[in-house]
Amino acid sequence: MSRERQIILDTETTGFYPDKGDRLLEFAGIEMQKRQLNGNYLHLYVDPERDIPEEAIAVHGITQERLEEENAQKFAAVGRQIADFLRGAELIIHNARFDVGFLNMEFARMGLPSIEELDCEVTDTLAMAREMFPGQKASLDALCSRFDVDRSKRVYHGALIDCELLAEVYLAMTRGQFSLMGEEGGETVKEAVNIVSQRPAQLKVLLASTEEAAEHEAYLDGLDKAVGGSCVWREIPSSEHL
């Protein structure tokens with residue numbers, strides 16, 4: 001069961017290795033409560049106190065000049081604000097190991113609690129996607145395409161825009177699960193139950209007309225041609241079609 005308060009989270013960094021001198025450049029988190037975005041978010045650019053490699057800039061487009069324009073502060077000045085924002089929430093992250101690794105490194109440098117010590121629960125949408133679609137691409141771009149999420153404004157990998165995209169992807173990935181549990185569209189579920197419970201014991205059966213039966217046969221003929229044999233509907237007794 002997911003927690004009521006969720007944070008869709010993403011970071012941008014100077015590289016891939018928090019244990020080899022790479023640092024955080026950008027943090028973004030947008031808040032959901034009961035699977036609804038509530039407008040609360042935290043977005044910060046961070047002075048990494050080191051150079052930014054060209055290969056990293058090619059990915060996220062964040063330069064030293066950009067950081068100066070955004071009045072980026074050192075992590076020591078914003079780390080506690082980030083920790084307080086995350087405390088006790090479920091964190092929805094794509095490739096969580098990466099972002100959690102960098103946040104824990106930065107927190108440790110300040111003597112702040114780790115993600116685990118902040119009582120955060122972590123949900124990795126990359127792991128979810130690999131389980132749901134084994135053997136298929138599981139990048140955020142690929143999932144946006146799969147779930148028809150518009151990413152036309154995403155020129156670079158930016159933490160805030162990626163959070164917004166991931167929020168839509170996560171809701172799409174889990175919509176069926178929560179609908180079945182009655183946590184999303186609860187009123188619709190209740191209405192459906194009420195309709196079934198009010199249904200009369202004896203239902204009137206309307207048989208197909210001659211014209212409708214002929215159209216049905218023509219449709220099955222088309223299926224037979226498509227599969228190069230007898231389609232599965234010809235193998236099911238007609239009473240089971242009802």
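To be clear, the structure that these remarks concern was listed above.
Parameters and conventions
- Residues numbered from 1 in each chain as written.
- Predicted model: local features only at pLDDT ≥ 70, side-chain atom pairs only at ≥ 80, totals over all residues.
- Heavy atoms only, no water.
- Salt bridge = Lys/Arg side-chain N within 4 Å of Asp/Glu carboxyl O.
- Helix = DSSP H or I, 4+ residues; strand = E, 2+ residues; numbered from the N terminus.
- Buried < 20%, exposed > 50% of the residue type's maximum accessible area, 1.4 Å probe, protein only.
- Pairing = 2+ DSSP bridges.

Time to look at the pattern of salt bridges. Taken as a whole, this structure holds 10 salt bridges when the rule is applied. For the salt bridge of Glu49 with Lys74, the shortest nitrogen-to-oxygen distance reads 3.9 Å. Of this pair, Glu49 sits in the loop between β3 (36-47) and α1 (54-60) while Lys74 sits in strand β4 (residues 73-74), placing them 25 residues apart in sequence. The exposure class assigned to Lys74 is partly exposed, which follows from its relative accessible area of 44%. Between Glu70 and Arg66 there is a salt bridge whose closest N-O contact spans 3.4 Å. On the basis of relative accessibility, which here comes to 29%, the residue Arg66 falls in the partly exposed class.

Its place among the elements puts Asn71 in the loop between α2 (64-69) and β4. Residue classification places Asn71 among the exposed residues on the basis of a relative accessible area of 60%. Sequence-wise, Asn71 and Asp47 are 24 residues apart; in three dimensions their C-alpha atoms are separated by 8.7 Å.

Counting buried positions along strand β2 (residues 24-33) yields 9 of 10 residues, so the element is predominantly enclosed. Bridge analysis of strand β1 (residues 5-13) against β2 gives 9 bridges, and the strand direction is antiparallel. By the bridge assignment, Thr11 is partnered in β2 with Phe27. Pairing of β2 with β3 involves 7 bridges; the strand directions are antiparallel. Along β3, the bridge assignment pairs Phe27 with Leu44. Linking β2 back to β3 in an antiparallel pair, the connection comprises 2 residues, with Lys34 at a positive phi of about 55 degrees.

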